[in-house]
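Notes for the structure review
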Amino acid sequence: AVVSTQSTGAHNSTWISDVMFKWTPIGIPAQWHNDFFSREGSKEEVVKQIKKHFSTTYFQHGAKWLIFFPEGGFLKNRGEKARIWAQRNNLPVLYNCCLPRTTAFTSIVQSFRGEVVPVPEQVEDVVDVTLMFKGSRDLCLQDIFMGSYCDKEVYVNFRTYKMADLPKEEAELQTWLYDRYQEKENMIARFKEHGEFKEGGTFTQVHQSRGQLLGSFIFWYITAFFVWDFYKSIFGYCVSFANGFL
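The present account deals with the structure reproduced in this document. Note that this is a predicted model, so its numbers are computed, not measured.

Another point: the packing of helix α2 (residues 43–58) against helix α4 (residues 102–112). Here α2 crosses α4 at 40°, and the two axes come no closer than 10 Å. The pairing of α2 with α4 is recorded here as oblique in orientation. α4 is crossed by α2, and the crossing has right-handed handedness. Side by side, α2 and α4 meet where Lys 43, Val 46, Val 47, Ile 50, Phe 54 and Tyr 58 of the first sit next to Thr 103, Ala 104, Ser 107, Ile 108, Ser 111 and Phe 112 of the second. Its residues assigned to classes, the contact of α2 with α4 comprises eight nonpolar, three polar and one charged.

Printed below as a string of structure tokens:
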């Protein structure tokens, strides 16, 4: 919704998602959209994936936005594991957000700087976005699919950093990212207690077009139906084929 309020924002954006979503009703349209599906692996494997996508897809299709979730999942699902990992590695222990994964982030920054592949134009800004929901429980994927999270207001905090100001060394860039998530932790804690991200902060209300929202729901429901029907047909064919040998 935030990106779609910008002129051609949704059309010029690329999402980075986990490979587990690639063949779901979300992932199939995302493949048409040239989004990137990340696989877990060693640092070298992650860098290789990103290098290939940037060199063959991202810059060639004129994308302007790259949307990336460094935490790699929902707090409800990853929070406890992230805290255990942080304690073992002497990193900040967070309770209102997940500790970020740094390998993909540092590789993306290096790519935009031209350190991984040549870039056709200079990327100037990194926009740090923090979301807050007023509900009493943490949002999960099931809530999104089923529409069961009833709170209608989402609060968004933006902070923009110049790409040129980010640290050059990889270790320093990792520390920079951890520091941003410590700030998120503090902001969300304050929001839960006082209803604001920072003292004296104000909000600008952004409305999403009802027609656009309805169109999106129709599109996703139709896509889900056809994907489900396709997989059901494949399953039925496999069962029939297997029965032929019994």
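With that settled, the discussion passes to the nonpolar core. A general feature of soluble globular proteins is that nonpolar side chains tend to end up buried together. In terms of nonpolar packing, the biggest core is built from 32 residues, with Ile 50, Phe 54, Phe 105, Phe 112, Met 163 and Leu 166 touching the most fellow members. Within the residue set of this core, elements represented by two or more residues are α2, α4, β4 (125–133), β5 (154–162) and α6 (170–194). Tallying contributions element by element places α6 first for this core, with eight residues. Those residues within four positions of Phe 105 in sequence are excluded, and the remaining contacts are Phe 68, Leu 166, Leu 173, Trp 176 and Leu 177.

About the thresholds
Residues numbered from 1 in each chain as written. Predicted model: local features only at pLDDT ≥ 70, side-chain atom pairs only at ≥ 80, totals over all residues. Heavy atoms only, no water. Axes fitted to C-alpha atoms, helices over the stretch in contact; angles between N-to-C directions. Helix = DSSP H or I, 4+ residues; strand = E, 2+ residues; numbered from the N terminus. Parallel < 35°, antiparallel > 145°, perpendicular 65-115°, else oblique. Left-handed = near helix turned anticlockwise from the far one by under 90°. Contact = heavy atoms within 4.5 Å. Nonpolar A, V, L, I, M, F, W, Y, C, P; charged D, E, K, R; others polar. Core = buried A, V, L, I, M, F, W, Y, C linked by side-chain atoms within 4.5 Å. Buried < 20%, exposed > 50% of the residue type's maximum accessible area, 1.4 Å probe, protein only.

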